[in-house]
Each structure stands twice: as C-alpha cells, then as structure tokens.
Amino acid sequence: MPPRRPIAPAAPDPHPRSRGRGALMGLVVGDALGSPLKSRNLLAPVFPTLAEGVHRVLRAGGPFELKKGQVGESGQMACCLGVGLRELGTYDANEQLRHYLRWQRSAQGMSPFTEEVMTELLESSLPKALAARRVWLRGGRKVALNGSLARTAPLGVYFYRDQDTRLRASFADSALTHFDPRCQLACATLNASIAHALGAGEGLDAPSLLTATLSELTLASAMLGRLMPDLVYEISVATATIREDLDAARQDDPQLYWPELHMHRKPTLVRVALRLAYWELLHAPTFEAALVDVINRGGDADVNAAVTGALLGAFHGEEAIPSDWSQGVLDALGPRDGALWNTYHPRQLLTIAPEVGE
C-alpha cells in the first residue's frame, strides 16, 4: 500500500484580522470624514434613499479646524484606549482613566460634554471613578450622549473571544465619561456585534449578526443590573430603548427625523448613533455607501460616522474601506504634532488587531 499522506493543517482564518482592522480603521476613517461636517444641518433624502451628496472625500476644517485626515475626539480616545490595552494586555478602569487624563492635555476637538467630565475629574476632591456619575446626576439623569460609543470598538476587537471581559470593560470604560445606562449598554451592544463578526468565519450576514447581538444584549442587561442594583429600573428602560432602536433599524424608515428622536437634537444622541449604524448595516450595500450617507446627513456627523464605520468595518473587513480614505488618515499629521502623532494616532491603534489565526 502507498504511504498515507499526512493531513495538511487547516489554513489560518484571515477573518479576525481583516474584520478587526476593518472595525478600527472604519472608526477613524468615519471620524475623519465626518469632522468637517459636524453640527451642520445638511439636506438629505428621506430614508430609505441613501444620500449621495457632494461630501465624499477627506477634508480639513469643521468646528475644531482639524487637518485633512486628522481624527477628532472619537479617534483620539479610541487610540488612547488602544494604548491602554496594548500596555496592560487587559482592561483596567483606573489605569485607563489615567490614560484619558494624560490624553486631555494634548486633545484636539474635545466636545463640551467631555470637557465637563474632564473638569470634574481634575477639580473635584471626590473619587474620580464616580465623576461621570456625578455629571449624569446633575443633568437629571437625562443626558445620554455618544462619546463613549464612538471610541469603544477597540474593546470589541481586543476581547472578541472573551465575552465576560468584553462586557465588563464596555460598561466600565463608558462609565468613566458617559455613565448613563443607555450609553453603557450601547457600548456593550456595538462590541457584541464587532466580536461576533470577528469570530463568524465565512457566511456572515447582517440578520444573523443582529440576532447574535440581541442575544448578548439580554446577557449584558442582566450583568449590568447585578453590577448596579440601585439602577435596575434605569437599566430596564435602557434595554428596552436599545431593543427599540435595533428594531427600528430593520425598517425602511428608522425614524431619525421624528420628534422623539432626531439626527440634530440632544440629549439622546447615543440612540441616534446606534440606530443609524445598524440601519446602515441592514440597508447600505457597501461600506463606502454607508459612510457617504451618514456624513451627508450632518448633525453629529463625526461620531455617527465613527460608530457606523466601526460596525460596517467589522462586517465587511478592511478591504472594503476605500484606500484613499484609509491612507489619508494614516498619512495625516507629522512629528511636529507631538502626542497626536506619536501616541494618539490611528496607526498606533491598528497594532491591537488580532494576527491571522489568533
């Protein structure tokens, strides 16, 4: 008998790396594309028609006068989060808080709400870990903005195989600046989708991704209730609103220009960013079409595009991101820009993406 041929080992799965880099690159590309259009009340077609407006390339400008391809708060804080993960090899809220405080000295494009939380962190003699909760309580428990959601994707990528750590880190990191349970659960929801996309292999489709996300939302809600038993009612309401947002994302009209929830109105912009991102996942044919639609609707365009970019980057993979967008972001700034070039730059963030076969 001829000798038996040895069975060749299975080829490494390329999807975690491509989709992980897609999520991270999608976040920063979305931020850079949307920053020049932030706070603009742009005319856009009625859903489900996608906007194909004139804004399709990286530009300089916007309210924070960023350079072409430069990321703002969302991208910078995501890079800061990536630095913490890379240095520790895990997530630690106290250490990450120290990273954010160091970042704010070099920050460019910080939102008024983040400035308020940072001021509370720096000036109050009370425990720093509770600063965002104090800001939330002062706001009557009503303000649920989108800053933590826009930076959270590194956690979904880094802990894509570790659900328990991913959930706890998503809650803890959001609570450092955006304490509202809607913000914490939104971060857990987005990271659930990113993690599932990285681990899904071939045959990933948007409906199955949404089903897996809803399943983890149930677990996330129960876990957050155990972690904060004094806020069980608020967590229950937050869970119901996120389910409502994901359900609305399935519809032709996600109702983002309605009195209850509007693209250009605060204080619940976290729900707008989440609902819009999942609507694009289920309705836009490509990564590029989704990002063009998001930025041409104006409003909080940088944050909305960062969230959408992270989700669709994880779904479609790095190859789906137009190279002129990704290269333009990676080439932005230079050594004279200090920490924004050396530490809080997107090229540093990409180092936490999994390698092939990890």
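Residues numbered from 1 in each chain as written. Predicted model: local features only at pLDDT ≥ 70, side-chain atom pairs only at ≥ 80, totals over all residues. Heavy atoms only, no water.

S.K.: Tell me about the packing of helix α10 (residues 206-227) against helix α12 (residues 269-283), and name the residues and values.
M.R.: One way to put it is that α10 packs onto α12 with a least axis distance of 9 Å and a crossing angle of 145°. Contact with α10, carried on its side by A206, P207, L209, L210 and T213, involves Y278, L281 and L282 of α12 and no other residues of that element. In terms of residue class, the contact of α10 with α12 is built from seven nonpolar, one polar and no charged. (Axes fitted to C-alpha atoms, helices over the stretch in contact; angles between N-to-C directions. Helix = DSSP H or I, 4+ residues; strand = E, 2+ residues; numbered from the N terminus. Contact = heavy atoms within 4.5 Å. Nonpolar A, V, L, I, M, F, W, Y, C, P; charged D, E, K, R; others polar.)

S.K.: How would you explain the pattern of salt bridges if you had to name every residue and give the values?
M.R.: Counting across every chain of the model gives 22 salt bridges. As a salt-bridge pair, R141 and E234 come within 2.6 Å of each other at their nearest N and O atoms. Separated by 93 residues along the polypeptide, R141 in the loop between α5 (131-138) and α6 (147-151) and E234 in helix α11 (residues 232-250) bring together distant segments of the chain. On the accessibility criterion, R141 (38% relative accessible area) is partly exposed. R151 serves as the salt-bridge partner of D173, at 2.9 Å between the closest nitrogen and oxygen. One end of the pair, D173, is in helix α8 (residues 163-175); the other, R151, is in helix α6, with 22 residues separating them in the sequence. As far as burial versus exposure is concerned, D173 and R151 are alike and both buried. (Salt bridge = Lys/Arg side-chain N within 4 Å of Asp/Glu carboxyl O. Buried < 20%, exposed > 50% of the residue type's maximum accessible area, 1.4 Å probe, protein only.)

S.K.: Report on the nonpolar core, specifying residues and quantitative values.
M.R.: If you look at the biggest cluster of nonpolar residues, it comprises 115 residues, and the most contacted ones within it are L149, L185, I194 and Y278. Apart from the residues lying within four places of it in its own chain, the contact partners of L149 are A186, C187, L190, V270, A273, L274 and V307. (Core = buried A, V, L, I, M, F, W, Y, C linked by side-chain atoms within 4.5 Å.)

S.K.: Tell me about the packing of aromatic side chains, and name the residues and values.
M.R.: Describing an aromatic ring pair means giving the distance of the ring centres and the angle of the ring planes. In total, this model carries five aromatic pairs according to the counting rule given. On the numbers, 4.8 Å between centres and 65° between planes, the contact of F47 with W279 is edge-to-face. On the criterion of sequence distance, the pair formed by F47 in the loop between α1 (15-34) and α2 (73-88) and W279 in helix α12 is long-range, its members being 232 residues apart. With respect to class, F47 is no different from W279; both count as buried. When the ring of Y158 is compared with that of F159, the centres are 5.1 Å apart and the planes differ by 85°; the resulting orientation is edge-to-face. Overall, Y158 belongs to the partly exposed group, its relative accessible area being 27%. (Phe/Tyr/Trp six-rings, centres within 6.5 Å; stacked < 30°, edge-to-face > 60°.)

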